[in-house]
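# Structure assessment
Next come the chains, spelled out residue by residue.
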Amino acid sequence: MTTPKPLGQLTPKAGIIANTKLLLNRDCNIGRDHEITRELSQLYAKVGGISSDENINDWDNVELDSGVAINPIQAAKCLEETLRTQMFIKGIYQCLLEKLSQKHTVNVVYAGTGPYGCLLLPLLALMPNAPIRVSLIDIHKDNTESIQRIVEHLGIGHQITSIECADATTWSPKSSVQFDIVISETMTALLGREPQVAIFAHLQQFLADDGVLIPKKVSLSAVLVPYESANLPDIPLGQFFELNRELVRSLAKGHQDGFTGEIVLPRSFSSIDYQHLSFRTDIQIYRAHWLTFGQCSLNLSIDYAGLKLEPGGSIKFCYRMTALPKFEFTFPVESMSSVLPEKTELGAIAVQGIKRFWHRARLIRDGRHGEAFVEREILTDIALLEKFDVSYHLALSYVCEYQPSFDEFEAWLLYTKESNSSFLTSRA
Ligand SMILES: C[S@@+](CC[C@H](N)C(=O)[O-])C[C@H]1O[C@@H](n2cnc3c(N)ncnc32)[C@H](O)[C@@H]1O
């Protein structure tokens, strides 16, 4: 009986296959199995000649009109985001098996291979006799040269139609092939920076009617998050954008619908407690294979804090497809006039100067110190706030941190005064 070799002693090809099988067979768990992708990374580097241990800053990105094509070292490092890599491999494997059960030949294009082609090439090595034909594209020549070496080493050349150094947003196949699967992972959270949308919008024209984009869906949603001290639940605002085949197909026809829109805020929520908006990115790779909130860098939340949002208002969004693609948001926030109200202007409390102080504090909070400044008024404000047993510093901090409306500020003053006096009474 022969004892199995430890993985570290296998040839690169055997090691790549063995480690890929481990990723396929194990459950996906955050923070686990990093040693598997670490070993894969070293094996690919040995064969392809590009190591993720090199310094990212020594290599250049390619800046396209449609987004940034990250440099080969940064792309190599993606492999070691274990959960990301594992989930993509599992999803792509399932999709390949399904297509193989339906078709004589399965045609695939993989746009943005990086130096290792790690989402697909090891699966071909697992199924060398499967009738799969693949076009491989990357914009960095160093990547395609590495891919060429890895393909040869894995002995999968017969499954490769072409390896091209090209821009996937303009590339066309040499023959009139219809692809069953288009694979591209050229994105960051909230579809920023990299050209995922432009690549899908271009390549969808070569997809068969029953073809699949991988990832199949990228769903973006928003959540109102309360201050931790408020001890309140999150308020989900729902999905506001979904990247999928229908959307990129209509984009390619020139329709921008879906790329602009509104997220309507609930009519009633405390705009003091909820000043934090979190935008989430959930990715369906294929079927049950999803990457969701916090699982990898593609699912990091993009947060906007310190917003004094108007209940019932609408957040406007627009996806800009430029050299730095990104979502832009316009928030329904109260904008303070630069003119301070007169001292005599009153609210619910018949004490002069409160509204003027509150307005000035809100301007200071927004960094508009010049508009807020009036010489010598600070002494008047200190005296005014003392009537409510509140220090100037505390009142200013309260307005700057919570951005209360004027009504809310008056209610806070009364509440603070009342709590102080009942505290004193109970101590007496
Ligand atoms: C995030 S990396 C992913 C690498 C690898 N597929 C993986 O998942 O580990 C994205 C890759 O896409 C390539 N890329 C980005 N935009 C491209 C474009 N328009 N045409 C071709 N390649 C592109 C980059 O050069 C980079 O290698």
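Residues numbered from 1 in each chain as written. Predicted model: local features only at pLDDT ≥ 70, side-chain atom pairs only at ≥ 80, totals over all residues. Heavy atoms only, no water.

### What to know about the site of the ligand
The test is simple: Residue proximity to a molecule or strand is established when one non-hydrogen atom of the residue lies within 4 Å of it. Each polar contact in these results corresponds to two N or O atoms within 3.5 Å; when the atoms are within protein, one needs to be able to donate a hydrogen and the other to accept it, and residues that are neighboring in sequence are counted only if both atoms are side-chain atoms. What sets the accessible areas is the Shrake-Rupley method with a 1.4 Å probe; for residues, cover comes only from the shown protein chains.
Within the structure, the ligand sits among 24 residues, and Arg84, Tyr110, Gly112, Asp138 and Ala168 are positioned closest to it. With respect to the ligand, the side chain of Asp138 contributes an N or O atom lying 2.7 Å from an oxygen atom. One of the side-chain nitrogen or oxygen atoms of Asn143 is found 3.3 Å away from an oxygen atom of the ligand. Across the complex, the protein chains shield 99% of the 590 Å² of accessible surface that the ligand would expose by itself.

### Description of the pairing of strand β15 (residues 326-330)
Formally: Burial classes follow relative accessibility: with a 1.4 Å probe on protein chains only, a residue under 20% of its type's maximum area counts as buried, one over 50% as exposed, and anything between as partly exposed. Comment: elements are numbered from the N terminus, with helices defined as DSSP H or I runs of at least four residues and strands as E runs of at least two. Here a strand pair is declared whenever DSSP counts at least two bridges between the two strands.
Of the two faces of β15, only the one carrying Phe327 and Phe329 is buried; Lys326, Glu328 and Thr330 on the other face are not. When strand β14 (residues 314-320) meets β15, the two strands line up antiparallel, connected through five bridges. Directly across from Phe317, in β15, lies its bridge partner Phe329. Linkage of β14 to β15, two consecutive antiparallel strands, is achieved through a turn of five residues.

### Remarks on empty space enclosed by the protein
Empty space left among the atoms is revealed by rolling a probe the size of a water molecule over them. We apply this condition: Cavities and pockets were defined on a 1 Å grid built over protein atoms only: a cavity is a set of grid points that admits a 1.4 Å probe from which the probe cannot escape, a pocket is an open set flanked by protein on both sides within 12 Å along at least five of seven lines, and lining residues are those with an atom within 4 Å of any such point. Grid points are joined across faces, edges and corners, and a volume is the space filled by probe spheres set on the points. Amino acids are sorted into nonpolar (Ala, Val, Leu, Ile, Met, Phe, Trp, Tyr, Cys and Pro), charged (Asp, Glu, Lys and Arg) and polar (every other residue, Gly among them).
Per the counting criterion, the structure on display carries one cavity of 30 Å³ or more. Taken as a whole, the largest cavity encloses approximately 40 Å³ of empty space. Along the walls of the largest cavity sit Ser66, Glu194, Pro195, Gln196, Val197, Ala198, Tyr319, Met321, Thr322 and Pro325, which together make up its complete lining. The leading source of residues in the lining of the largest cavity is helix α7 (residues 196-203), at three residues. Its residues assigned to classes, the lining of the largest cavity shows six nonpolar, three polar and one charged.

### Describing α7
Rules: Any pair of residues with heavy atoms lying within 4.5 Å of one another is described as a contacting pair.
Where burial is concerned, most of α7 is hidden: eight out of the eight residues are buried. Residues Gln196, Val197, Ala198, Ile199, Phe200, Ala201, His202 and Leu203 constitute the buried set of α7. The inward-facing, buried residues of α7 contact β3 (106-111), β6 (179-183), β7 (207-214), β9 (235-243), α8 (245-252) and β14.

### A word on the pattern of salt bridges
Here is the rule: By definition, a salt bridge exists where a carboxyl oxygen of Asp or Glu is found within 4 Å of a side-chain nitrogen of Lys or Arg.
Applying the stated rule across the entire model yields 19 salt bridges. Close ionic contact of Arg38 with Asp53 constitutes a salt bridge, the shortest N to O distance being 3.0 Å. Within this pair, whereas Arg38 is found in helix α2 (residues 34-48), its partner Asp53 is found in the loop between α2 and β1 (62-64), the two being separated by 15 residues in sequence. Judged by its relative accessible area of 22%, Arg38 falls in the partly exposed class. Connected through salt bridges with shared partners, the residues Arg356, Arg360, Glu377 and Asp381 form a single ionic network.

### Describing the pairing of strand β4 (residues 132-138)
Let me state the cut-off plainly: Think of it like this: strands point away, you trace from the first strand over the helix to the second, and a clockwise trace means the crossover is right-handed.
Of all the seven residues making up β4, six are buried; the element is thus mostly covered by neighbouring parts of the structure. Crossover handedness for the path β3 to helix α5 (residues 121-126) to β4: right-handed. Bridge count between β4 and strand β5 (residues 160-165): five bridges; the pairing is parallel. For Ser135, the partnering residue across the bridge sits in β5 and is Ser162. The β-α-β motif built from β4, the intervening helix α6 (residues 141-154) and the parallel element β5 has right-handed crossover chirality.

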